[in-house]
Amino acid sequence: MNASYEWLKAFVAFDATPTQLRDLITAHTATVDELVPVRQDLAPIVVARVIDASPHPDSDHLWFTKVDDGSGELLEVVCGAPNVTAGKLYPFARVGVTIPTGMKMERRKIRGIVSNGMLCSAKELGLGENHDGILELNVDVAPGTKFLCAMAVGETRLF
């Protein structure tokens, strides 16, 4: 058996978790040998709201932003994307997180301002080739919500 949990939910309404569904299918139909989470490389990414965005004082293309990542304190983040807008939600990689491209987020100084993480584009998350700007999210979730919970990009496969 090779089936998508989300695909099965699209055909039949149910509230079972992937583990509960595996147990039900195994008990009544066919053996499910394995549950495989897909896109777990996005698990540490959270949704963040840009609270303030202003031009970087030492650059004609960078932005100085204040970001609410749900941690309880606003983070200063330098952003190079032309589409960063105060009030909008974006995927955010905190300091210490390694994004799918292999880059590890570090607190670092960019043109005199310390940046505490990164607002991410679709390309940086491995979700497409668009690197023209950061990925604006049109969801109604609180800052700090796991990206995989807010967006239907994660999946569990039943084998």
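Up top you'll find the structure we're talking about.
Residues numbered from 1 in each chain as written. Predicted model: local features only at pLDDT ≥ 70, side-chain atom pairs only at ≥ 80, totals over all residues. Heavy atoms only, no water.

Undergrad: Describe the overall build of the protein chain, listing the residues and the values that go with them.
TA: Counting secondary structure elements, the protein chain contains three helices and ten strands. When its helices and strands are written in sequence order, the protein chain yields β-α-α-β-β-β-β-β-β-β-β-α-β. Dimensions of the protein chain along its principal axes, counting C-alpha atoms only, are 65 × 30 × 30 Å. The buried share among the 159 residues of the protein chain stands at 35%. Of the side chains in the protein chain, 15 bear a positive and 20 a negative charge, and the two mean positions are spaced by 4 Å. (Helix = DSSP H or I, 4+ residues; strand = E, 2+ residues; numbered from the N terminus. Buried < 20%, exposed > 50% of the residue type's maximum accessible area, 1.4 Å probe, protein only. Lys, Arg positive; Asp, Glu negative; His and termini not counted. Charge placed at Lys NZ, Arg CZ, Asp CG, Glu CD.)

Undergrad: Tell me what's going on with the pairing of strand β4 (residues 63–68), and back it up with residues and numbers.
TA: When strand β3 (residues 46–55) meets β4, the two strands line up antiparallel, connected through six bridges. Looking at β4, one finds that Asp52 is bridged to Lys66. Sheet topology note: the β4/strand β5 (residues 74–79) ladder contains six bridges and is antiparallel. What sits directly across from Val67, in β5, is Leu75. (Pairing = 2+ DSSP bridges.)

Undergrad: For the sheet that holds β3, give the residues involved together with the corresponding values.
TA: Read from one edge to the other, the open sheet built from five strands follows the order β5-β4-β3-β6-β9, with strand pairing classed as antiparallel. Only two strands of the sheet have a single partner each, and these edge strands are β5 and β9 (118–119).

Undergrad: Could you give me a rundown of the side chain of Thr156, with the residues and numbers involved?
TA: Structurally, the position occupied by Thr156 is in strand β10 (residues 155–158). The class of Thr156 is buried, set by a relative accessible area of 16%.

Undergrad: Would you mind going over the packing of aromatic side chains in detail, with residue names and values included?
TA: The tally for this structure, following the rule as stated, stands at two aromatic pairs. Aromatic pair Tyr5 and Phe14: ring centres 5.7 Å apart, planes at 75°, arrangement edge-to-face. You can call Phe14 buried: its relative accessible area is 19%. Look at Trp7 and Phe11: their rings are 4.8 Å apart centre to centre, the planes differ by 70°, and that puts the pair in the edge-to-face class. With Trp7 and Phe11 both in helix α1 (residues 5–11) and four residues apart, this pair spans about one turn of that helix. Since its relative accessible area comes to 61%, Phe11 is described here as exposed. (Phe/Tyr/Trp six-rings, centres within 6.5 Å; stacked < 30°, edge-to-face > 60°.)

Undergrad: Report on the sheet that holds strand β1 (residues 3–4), specifying residues and quantitative values.
TA: With antiparallel pairing, three strands are arranged side by side in an open sheet as β1-β10-β2. Each end of this open sheet is capped by a strand with a single partner; those strands are β1 and β2 (35–38). On top of the sheet, helix α2 (residues 18–28) reaches β2 and β10; it is set at about 15° to β10, its chief contact. (Contact = heavy atoms within 4.5 Å. Axes fitted to C-alpha atoms, helices over the stretch in contact; angles between N-to-C directions.)

Undergrad: Before we move on, can you summarise the pattern of salt bridges with the specific residues and values?
TA: Enumeration according to the criterion identifies five salt bridges in this entry. Notably, a salt bridge pairs Arg22 with Asp23, separated by 3.0 Å at the nearest N-O pair. Judged by its relative accessible area of 26%, Arg22 falls in the partly exposed class. Using a relative accessible area of 41% as the deciding quantity, one classes Asp23 as partly exposed. Glu129 is the salt-bridge partner of Lys123, the closest N and O atoms lying 3.9 Å from each other. (Salt bridge = Lys/Arg side-chain N within 4 Å of Asp/Glu carboxyl O.)

Undergrad: Outline the side chain of Ser59, listing residues and values.
TA: Checked against the element boundaries, Ser59 lands in the loop between β3 and β4. Looking at Ser59, its side chain comes within polar contact range of the main-chain nitrogen of Leu62, at 3.0 Å. (Polar contact = N/O pair within 3.5 Å; in protein donor to acceptor, adjacent residues only side chain to side chain.)

Undergrad: An account of the nonpolar core is requested, with residue identities and associated values reported.
TA: Of all hydrophobic cores here, the largest spans 14 residues; its most connected members are Ile45, Ala93, Ile99, Cys120, Leu125 and Phe147. Filtering out sequence-adjacent residues up to four positions away, Ile45 remains in contact with Pro91, Phe92, Ala93, Val97, Ile99, Leu125, Lys146 and Phe147. Judged by nonpolar contacts, the second largest core, of 13 residues, contains Val46, Val67, Phe92 and Leu119. (Core = buried A, V, L, I, M, F, W, Y, C linked by side-chain atoms within 4.5 Å.)

Shape is all these values report; function is a separate question.
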